[in-house]
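What follows is each chain in one-letter form.
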Amino acid sequence: MSPRYAPLVPADELASPESYRQLQREREATRFRREIEAIVDSACGAEAGGPLLRNTFTSLSGNLASEGALSFAGLVPPERFEPARRAYDSAIDTRGSRGSLHNYLNVADAGSLVEHPEFREAFAHPLLVALVAYALGGPVKIIDLRAKDTQPLDVVARDNTLHVDNSPFMDEFKVIVTWTMGTGRGPSGQGLTYLPRTNQLLRQCFVNDDGTAWSDEDSCIFPSQARVDEALAAQARFFDDGLPRVVHLQDIAVPCHTIFAASRLVHHRYRTSAGGPRSAIMAAFHRTDEGTGFLGASDLPGSALDRFLLATGDGRPFLELLAEEMPRVVAALAAAASRPGFVVDPDRHLLRDDGFRSWYERQSAGVSLDRLRRATLAAAVDDDTPIVQRLVLRMQYDLQGALNMPLYTDLREEVRKRARIVIREMTPEHIREIVTRHDLGAVLRAEPAPPHRPVSELAEELHGALVALRRLLSTAVASRPAGPIWGSTDGSAAALSLRRFIVDLCVATAHIADDASLATGCVFGALGSVLADDLFDMGAPGREITGELFGMYIRLAAPSLGERCPAHPEKEKLDTYLESVNEERQTAKLASEVLFQAASAEVTARNDDFVRALLRRVLPPGRPSPESGDLGALLADPAALSAYYWKRVVTGKPVAVRFGAADLDTLDGYFGLTAGRSLPAAVARLREETTPGSPAEHLLRSIERLASLRGQSHAEACRDVMSRLSTHWPDLVQRVRGGPDAPPPPADRILSTLHDAIGAAGEEGRRSHRSSPGVPAPRTGSAEVLLTTAEARELARVYMLARLCFSAEEFRIGQLLAGDPRVRYAVLATHLYLVSEVSRSASELVEDWGTAKILLPFTEAFVNVAGYSSSVIDLTPNPKLITVISNNLLPAVAGELLRRDAAVDELDADILAAGVQAAVQRGVFDVTIGLFNQTDRRDVVSLSGLSRRVCPAVRPFGAFCQRWLPYFFDRHPSAPTGRTFMQCFT
């Protein structure tokens, strides 16, 4: 094996062109293509518009040959795709591997799934088959069929780094069908991404001194900046401008069916924490004369062509079977010729500007699987996960690691594929059963810390054990049936595949040079040895080898199973924050007024500083372009934008509801302004509902008295009263208490005293100084007063008047604005853009801090679907933010309309921006709250003071809304043309 990477070259630069079988049969392939053309011509000739249909097939096959990929949107009608999707979901949910990076299912092992004609149609529609056969130049079969679900995850691993598939010495085409998991919509994340036209090149091979040509799997990948640059440079020769082009297939309205030249086209699955989870079916097509086997599905009902592709067929020739399916081919060609969007335009899915730069940086940074593994295991340690379960987790990650296996000109490596996949995609239950059977938990607990040894020495030891296993297998006879882990593969095929796998694993491990590859080689070897003993009953020598391989692996893995993430230098700040604000207590206000567990004013102030610093990190300054990201494709269609937003909300709604969102069934409900939040309505309600003689009634009377004396609104008067109360609280308590040894006074006496003071002579000419946020004046002695829980909650309702500063007319107009299509569009686009902008920086924040809990301060804007104890970051909008905007920003915008004497339909971007600024200035995010805490009596709480709370997000969030709400308001398709707000802004 060689650590070198092979370049992509044209055919005339190959070191051993005679070893590439696809180059040796061009004449035969040309004849076969003419036969397909004749079948298509005959079928189209009987149709109206026959020449157009023939030209459409020619155009599609030409595009596939030149670009390397061809995609269709909605090839299978929704009424047929939906039952196939439900069958897929059921099968993968019950039989999938549930691995560390994806959920995998070998479809051949799920017979009931492949028996669905609608399911087969998704990847084996006759048009797809005709195009693949035309491209390969001969009859084709499906040799591998897999289902795979992937969650949003910011990772570059071996299976999703930029690569080409399979062997360079033959051509392989794949059909991949992708959609958003659990829905009938197209892919919205984790999409197939490729470099068009790189299929016109081939991988260079290596040639030994004796003339033997060979290759390896490292030659298939592009895992570093140098290799990514090499792939882009190779692509550049096919474009006059020499610029890179990267197609990312996502944000497609319906399921996407893509044919691509898998063994030549440079491609990968672009895994990020943004976008939705993806489901996919992948079918690998080879020519029937490659000798690479067949899928081996049992006899299937329905199409004879399907039986040829998936089973053994019925003896009839491929072209005869294809001709029988021509009516379906012609119908699909008619749709391709007439239906806009049926054939996906790859130019609409090119990564541009920031989107391309993000992709390039991510791919250039190299494989990040180790980082994800360390974070997951550290979280498992923190959660006191049993050590055996941690070992299973570690093994699942290592099975996805680098393993550089050889590739041969005679394709003999095809035999090993089944064994390799069975081992790599073992379910956690299968791995746990093996771990338990070999009592690896006891071995792990007894194993002393290993001394450091060079990788080369350990690799030599691993290679020696595998050579011993290979020799043992070379004479062993398979005496046992294949177990359930092998699925539909029979014992003889399993034995043949496992033998070949161990032979090639010996070759791969002879040249290991890094710790990660060593761990992967060890875990494959150990599990392979277990499967070999299950099939061959190798006796004591086999069990000794298995024990040796597991011992090596455990010595490598053991240190990581007890590691915790290194503490962040500011971890104390996060710990302090989580004491008062966490998954149960979402905000300081909730902790105080609902749970009666308020932090001190000083701690609250420190927490706010901490949150402001985090906000600066996740909302960095700059001038990003929403047009260049995934959002750009939705901006031209408000209905699609709204549907996409709601789909993302539904995905995360169970988490969002925990963090204050209402559990509503439609988007309209979140835009409804809360009844009674106008100031006049709130005052009237409080006058009617407040208990006479209660602390709340004394506070309300004080507010009303000050409002009357000064001619203020009740909101302004409430802010002044609460400011005075916060500043002078200790003095008031001490005055009413009567002495340091006296018991805490009741709260109504304090507030009654305040009310009397406000009525004193000269009060109308005085204004109290606003207290600093969270810092009341220090005093000696206790400043606690007592009140019932009911009184505390009633008091909190009164002092919330400070935020309810809008008139009834402003609220009425605000409700009209909430129903305006352009305003709604601007709100949804701004929210989606906010989540998109913070997704990457949020992932980096989680990586830096070692916990997703660092994202808890942002739950009112977005939530993590995977929760806050997971290393998976999948951010979705929290629709509570719509409610916040509707209740707090839109009435302020209405106030700007009234101030300018403008009608609702005269709203423009300037007024919208001014309204956001006015909301901040009018104090809707500023309130002084009580510091309530529990006592030894369940129905009595203490009030130790008051703390002015200014939402720590108000400045950055206000600035974000002030910039982007007007921008998207102008971006609405119905907006008049001319100089936009953003042009004026910049």
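Here is what the cut-offs are and how they apply
Residues numbered from 1 in each chain as written. Predicted model: local features only at pLDDT ≥ 70, side-chain atom pairs only at ≥ 80, totals over all residues. Heavy atoms only, no water. Salt bridge = Lys/Arg side-chain N within 4 Å of Asp/Glu carboxyl O. Helix = DSSP H or I, 4+ residues; strand = E, 2+ residues; numbered from the N terminus. Buried < 20%, exposed > 50% of the residue type's maximum accessible area, 1.4 Å probe, protein only. Axes fitted to C-alpha atoms, helices over the stretch in contact; angles between N-to-C directions. Parallel < 35°, antiparallel > 145°, perpendicular 65-115°, else oblique. Left-handed = near helix turned anticlockwise from the far one by under 90°. Contact = heavy atoms within 4.5 Å. Nonpolar A, V, L, I, M, F, W, Y, C, P; charged D, E, K, R; others polar. Pairing = 2+ DSSP bridges. Patch = residues over 30% accessible without salt bridge, like charges linked within 9 Å, V, L, I, M, F, W, Y side chains within 5 Å. Areas by Shrake-Rupley, 256 points an atom, 1.4 Å probe, with all protein chains shown as cover. Lys, Arg positive; Asp, Glu negative; His and termini not counted. Charge placed at Lys NZ, Arg CZ, Asp CG, Glu CD. Phe/Tyr/Trp six-rings, centres within 6.5 Å; stacked < 30°, edge-to-face > 60°. Lys NZ or Arg CZ within 6 Å of the ring centre and 35° of its normal. pLDDT = per-residue confidence, 0-100. Core = buried A, V, L, I, M, F, W, Y, C linked by side-chain atoms within 4.5 Å.

A. Highlighting the pattern of salt bridges. In total, this model carries 56 salt bridges according to the counting rule given. In this structure, the salt-bridge partner of D668 is R824, at a minimum N-O distance of 2.6 Å. Here R824 lies in helix α31 (residues 821-849) and D668 lies in the loop between α24 (638-658) and α25 (679-689), a separation of 156 residues in the sequence. Since its relative accessible area comes to 49%, D668 is described here as partly exposed.

B. Spatial organisation of the packing of helix α18 (residues 491-509) against helix α19 (residues 515-536). Across the interface, α18 lies against α19 with an axial gap of 10 Å and an inter-helix angle of 150°. Between α18 and α19, the angle falls in the class roughly antiparallel. Here the hand of the crossing between α18 and α19 comes out left-handed. Two secondary-structure elements touch here, α18 through G491, A494, A495, L498, R499, F501, L505 and T509 and α19 through G521, F524, G525, G528, L531, A532, L535 and F536. Considering only residue class, the contact of α18 with α19 consists of 10 nonpolar, 5 polar and 1 charged.

C. Spatial organisation of the packing of helix α13 (residues 387-398) against α19. Here α13 crosses α19 at 110°, and the two axes come no closer than 9 Å. Classified by the interaxial angle, the pair formed by α13 and α19 is roughly perpendicular. Between α13 and α19, the contacting residues are R394, M395 and D398 on the first element and A519, T520, V523 and L527 on the second. Across the contact of α13 with α19, the residue classes tally to 4 nonpolar, 1 polar and 2 charged.

D. Focus on the pairing of strand β4 (residues 140-150). A large share of β4 lies buried, amounting to 11 of its 11 residues. Relative to β4, strand β3 (residues 103-106) runs antiparallel, the two sharing 4 bridges. Residue pairing for β4: N106 is matched across the bridge by R146. As paired elements, β4 and strand β13 (residues 278-287) share 10 bridges and run antiparallel to each other. Counterpart to L145 in the pairing with β13 is A283.

E. Structural context of a negative patch on the surface. A surface patch of like charges, here negative, comprises D901, D905, E906, D908 and D910. Examined against the element boundaries, E906 turns out to sit in the loop between α33 (890-899) and α34 (909-921).

F. Focus on the pairing of strand β11 (residues 256-260). Of all 5 residues that make up β11, 5 are buried, and the element is covered over most of its length. Taken together, the 5 bridges between strand β2 (residues 69-73) and β11 define a ladder with antiparallel strand orientation. Pairing of L70 across the sheet is with I259, part of β11. Across 5 bridges, the pairing between strand β5 (residues 173-180) and β11 is antiparallel. Within β11, the position partnered with I176 by the bridge is T258.

G. Just the environment of V846, in detail. Summarising the element assignment, V846 is placed in helix α31. For V846, a relative accessible area of 9% puts it in the buried group. Measuring from C-alpha to C-alpha, the distance between V846 and S112 comes to 42 Å, with 734 residues separating the pair along the chain. Ignoring any residue separated from it by four or fewer positions in sequence, one finds V846 in contact with T851, A852, I854, L855 and I873.

H. Up close: the packing of aromatic side chains. All told, the structure shown has 24 aromatic pairs when counted by the stated rule. Summarising the aromatic geometry, the rings of Y967 and F968 are spaced 5.0 Å apart at their centres and angled 80° between planes, so their arrangement reads as edge-to-face. Overall, Y967 belongs to the buried group, its relative accessible area being 13%. Given a relative accessible area of 0%, F968 falls into the buried group. Its guanidinium or amino end placed over the ring of F222, R227 lies 4.2 Å from that ring's centre, counting from NZ or CZ. Just above the ring of F969 sits the side chain of R822; from NZ or CZ to the centre is 3.7 Å.

I. Representation of the confidence of the model for the chain in the model. Taken as a whole, the chain shows an average pLDDT of 87; of its residues, 92% reach a score of 70 or greater. The low-confidence segment residues 761-781 (pLDDT under 50) makes 45 contacts with residues lying over four places distant or belonging to another chain. Low pLDDT, under 50, characterises residues 978-986; the predicted model gives this stretch 16 contacts beyond four residues in sequence or across chains.

J. Representation of unusual backbone geometry within the structure. The phi dihedral of D439 is positive, around 50°, even though this residue is not glycine. Topologically, D439 is positioned in the loop between α15 (428-437) and α16 (440-446). For D537, which is not glycine, the phi torsion reads 50° and is therefore positive. Its relative accessible area of 39% is what places D537 among the partly exposed residues.

K. Here's a closer look at the nonpolar core. Of all hydrophobic cores here, the largest spans 126 residues; its most connected members are Y799, L855 and F968. Top contributing element to this core by residue count: α31, with 15 residues. Membership of the second largest hydrophobic core comes to 72 residues, among which are C44, A87, Y88 and A122.

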